[in-house]
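Here is how the chains run, residue by residue.
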Amino acid sequence: MAGVNWLDISTLIIYFAVVLGVGVFKGRGAREDSRSFFVAKGTLPWWVIAAAFIATGMNTEQLVGQNGMAYQIGLPMANWYFIVFIVYSLLIFIFLPVYMRNGITTMPEYLGRRFNSACQNVFTVILILTYVFMNLAVVFYGGAKLLEVVFGLNIWAGVLLIGVVSGLYTMYGGMRSAAYAATIQFALIFISGFFLMYLAYNRLPNGWSDVVAAAPCGFHLMKPTDYPVIPWHAVPLTILGIHLYYSCANQALVQGCFGARREWDARIGLIAAGFCVALRPFIEIFPGMCCRAIAVFDPSFDLGDQPIDNVFPIMIRQLVQPGLRGLILIGILASVMSTIAAFLNSISTLFTLDVYKKWIDPKAPEEKLVKVGTIATLILMIFGVLFSPFVGILGGGIFKYFQTLASYVTVPLATVFLLGVMWKRATPASALTILLAGVPIGLLVHYQFVPAVFAPETIRQYSLDNPFITGAMTQAVCVVLMVAVSFVTRPREAEAIAPLTFSVKNLRLPADEPKRPFYQSVPFWWVLFVAFYVGLYVWLW
């Protein structure tokens, strides 16, 4: 491994030992029944939920892809973090109470109970495919690419190393192992990320003013409608689409909340995670912006004709001396492995409970379900390892690969969940229509409707060919279509779906929750949470 000495290797060995040890130790007893194995069954305190939620969401799509994009377009990338006060609020007060009070284990299970088994089956297949081809592939490839560029490790060897370790403790202890290991990884991610940020900042002759001066089109969150990648109107238009799905209906993220000791732990954990999100730009955006600022006076940091995914590896190679690279390496592995563990556990949960138990062996005992989940984790890990290197062959960068696919897949799914929870009149037929037709609608809007209806100058001026903008158009079509189909098809009985839809009483914690002082209350911390992010927007608009 080029550029790595004995200290780096020792750091890596210690990291693997600690993470495996925590995962195995905390996974003891989790194999007693399927609910303990897959969702940790009422065992997770708020701080574990917060750490797992953050660590699961941090992966190479952010570390590599978004640092590269930040180098190119600057501060607008931070919008992807700062709007969490909206989507997390939706999860805390609207979606999460519905999930937890109905004992939901998987997202397809919710659609099955809210609509019908056909919706559940279709969504299960969609989720498994997207997790393997979109999520796991990106994370495996990004982590291995960093190891290849910075440390000289063959990309196949890097993928195998990451897959084996993350797969082992997930196979052993399921959700509990993944969640508690994520708390260790949460700390490692931030330590190594801030260390790199510190090194980058120290290379700036004039400090932060150099970053502000080098920021494309100024140091502002909101940019004109023709700005590349994230113009200002892409921010509000993606809230109820990509961002709602990612935070409120994403099995890998939301599943950690299902293991909460009480609903209070889940809600407070999410608020704590929301505060921590404000630190993520210092790891996933500002290093890329620092790299652009350093390149003004140091050509070795100039990206030139290299792919934007090389920004993060360049910074590690140029800023971190051998002997300290092990610290950065474990931060990279922590972000990668926590995400992989969550996705592997989520996919095995989906396959075991929504495919195997439902279609293959409905009477399978608990011990067999746990065994099937373990085997599913192994098979999916192997498949992810084999497919992930092909992400690099497709080209365009990690961020572009992931976000383009997400704009087609997640927008219809978000529409189904949003109307399913908020509108009792939404029918099974309408939900199934959107699940089946959503992706084709997105492709038609992007490649047929926009070029046919709008002039090239209008498309350029308002970024109408941007996947985020066409995704919003797609969602508008999906909402209209779902409403129209609902009015001409039979809804389910109101009494049957009432618990599965939003109610004002869900805004409050269940009556059996212990009474707590005001400084531990959800409303108190939620108000501070929202005020904090509103203040950031006022400051950086």
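Quick note: structure is the one above.
What this report covers is the structure whose coordinates are included nearby. (Residues numbered from 1 in each chain as written. Predicted model: local features only at pLDDT ≥ 70, side-chain atom pairs only at ≥ 80, totals over all residues. Heavy atoms only, no water.)

**Quick notes on the overall build of the chain**
Within the chain, the secondary structure is distributed over 26 helices and zero strands. For the chain, the proportion of its 541 residues judged to be buried stands at 61%. Of the contacts formed within the chain by residues at least 6 apart in sequence, a portion of 85% connects residues at least 24 apart. Of the roughly 20000 Å² of accessible surface on the chain, 69% is carried by carbon and sulfur atoms. (Helix = DSSP H or I, 4+ residues; strand = E, 2+ residues; numbered from the N terminus. Buried < 20%, exposed > 50% of the residue type's maximum accessible area, 1.4 Å probe, protein only. Contact = heavy atoms within 4.5 Å. Areas by Shrake-Rupley, 256 points an atom, 1.4 Å probe, with all protein chains shown as cover.)

**Some thoughts on the nonpolar core**
If you look at the biggest cluster of nonpolar residues, it comprises 169 residues, and the most contacted ones within it are Phe95 and Tyr99. With 17 residues, helix H8 (residues 117-151) is the single largest residue contributor to this core. Setting aside residues up to four positions removed in sequence, Phe95 forms contacts with Leu90, Leu244, Cys248, Phe417, Leu418 and Val421. (Core = buried A, V, L, I, M, F, W, Y, C linked by side-chain atoms within 4.5 Å.)

**Details of the packing of helix H3 (residues 46-57) against helix H14 (residues 263-277)**
The packing of two helices is summarised by the inter-axis angle and the distance between the axes. Interhelical geometry of H3 versus H14 gives an angle of 45 degrees and a closest axis separation of 7 Å. Relative to H14, H3 is oriented oblique. The crossing of H3 and H14 is right-handed. Residue-level contacts link Trp46, Ile49, Ala50, Phe53 and Ile54 of H3 to Trp264, Asp265, Ala266, Ile268, Gly269, Leu270, Ala272, Ala273, Cys276 and Val277 of H14. Residues belonging to the contact of H3 with H14 are distributed by class as follows: 13 nonpolar, one polar and one charged. (Axes fitted to C-alpha atoms, helices over the stretch in contact; angles between N-to-C directions. Parallel < 35°, antiparallel > 145°, perpendicular 65-115°, else oblique. Left-handed = near helix turned anticlockwise from the far one by under 90°. Nonpolar A, V, L, I, M, F, W, Y, C, P; charged D, E, K, R; others polar.)

**Focus on the pattern of salt bridges**
Counted according to the given criterion, the structure contains nine salt bridges. Residue Glu109 pairs with Arg113 through a salt bridge whose shortest N-O separation is 3.4 Å. Of the two residues, Glu109 and Arg113 are both situated in helix H7 (residues 107-114); the distance of four residues between them amounts to about one turn of the helix. Given the relative accessible area of 18%, Glu109 is considered buried. Its relative accessible area of 33% is what places Arg113 among the partly exposed residues. Note that Arg261 is salt-bridged to Asp265, the shortest N-O span being 3.0 Å. Residue classification places Arg261 among the partly exposed positions, given a relative accessible area of 48%. The exposure class assigned to Asp265 is buried, which follows from its relative accessible area of 3%. (Salt bridge = Lys/Arg side-chain N within 4 Å of Asp/Glu carboxyl O.)

**A look at the packing of aromatic side chains**
Per the stated rule, a full pass over the model turns up 26 aromatic pairs. Here the aromatic rings of Phe82 and Tyr533 are separated by 6.1 Å at their centres, their planes lie at 50 degrees, and the arrangement is tilted. In this pair, Phe82 sits in helix H5 (residues 79-82) while Tyr533 sits in helix H26 (residues 522-540), placing the two residues 451 residues apart along the sequence. Each member of the pair, Phe82 together with Tyr533, is buried. (Phe/Tyr/Trp six-rings, centres within 6.5 Å; stacked < 30°, edge-to-face > 60°.)

**Points about the side chain of Asp265**
Position of Asp265 relative to the elements: it lies in helix H14. Here the side chain of Asp265 touches Arg261 through a polar contact of 3.0 Å, side chain to side chain. Residue contacts for Asp265: discarding those within four places in its chain leaves Leu44, Pro45, Trp46, Ile49 and Ala260. (Polar contact = N/O pair within 3.5 Å; in protein donor to acceptor, adjacent residues only side chain to side chain.)

**Points about a nonpolar patch on the surface**
Taken together, the side chains of Val125, Leu129, Phe133, Trp359, Ile360 and Phe383 make up a nonpolar region of the molecular surface, amounting to roughly 560 Å² of accessible area. For the nonpolar patch, the element with the most residues is H8, which contributes three residues. Tracing the backbone through its elements, the reader meets Leu129 in helix H8. We classify Leu129 as partly exposed; its relative accessible area is 44%. (Patch = residues over 30% accessible without salt bridge, like charges linked within 9 Å, V, L, I, M, F, W, Y side chains within 5 Å.)

**A word on empty space enclosed by the protein**
Following the criterion strictly, the structure yields six cavities of 30 Å³ or more and no others. Taken as a whole, the largest cavity holds about 400 Å³ of empty space. Every residue lining the largest cavity is counted, 31 residues in all, and those nearest its centre are Gln62, Trp80, His243, Tyr246 and Ser247. Among the elements that make up the lining of the largest cavity, the one with the highest residue count is helix H21 (residues 398-422) (six residues). Looking at the lining of the largest cavity residue by residue, the classes come out as 19 nonpolar, 10 polar and two charged. (1 Å grid on protein atoms, 1.4 Å probe; cavity = no way out; pocket = protein on both sides within 12 Å on 5 of 7 lines; lining within 4 Å. Points joined across faces, edges and corners; volume = space filled by probe spheres on them.)

**Here's the deal with the environment of Val139**
On the secondary structure map, Val139 appears in helix H8. Residues Val139 and Gly384, spaced 245 residues apart in sequence, show a C-alpha to C-alpha distance of 9.5 Å.

**As for the environment of Val479**
With respect to the element layout, Val479 can be found in helix H24 (residues 467-488). Every residue in contact with Val479, bar those within four places of it in the chain, is listed here: Thr415 and Leu419.

**Some points on H21**
Taking 1.5 Å per residue as the helical rise, H21 with its 25 residues ought to reach 36 Å, and the 34 Å between its terminal C-alpha atoms agrees with that figure. Bending of H21 peaks at approximately 40 degrees at the position of Ser407. (Expected span 1.5 Å × (residues − 1). Bend = angle between axes of the 7 residues up to and from the residue.)

**So, the side chain of Ser463**
Locating Ser463 in the fold gives a position in the loop between helix H23 (456-462) and H24. Judged by its relative accessible area of 6%, Ser463 falls in the buried class. Only 2.5 Å separates the side chain of Ser463 from the backbone oxygen of Thr225, close enough to count as a polar contact.

**A look at unusual backbone geometry**
With a phi angle near 60 degrees, Cys217 is a residue other than glycine that sits in the positive phi range. Tracing the backbone through its elements, the reader meets Cys217 in the loop between helix H10 (208-214) and helix H11 (234-237).

Everything listed is a geometric property; what it means functionally is a separate question.
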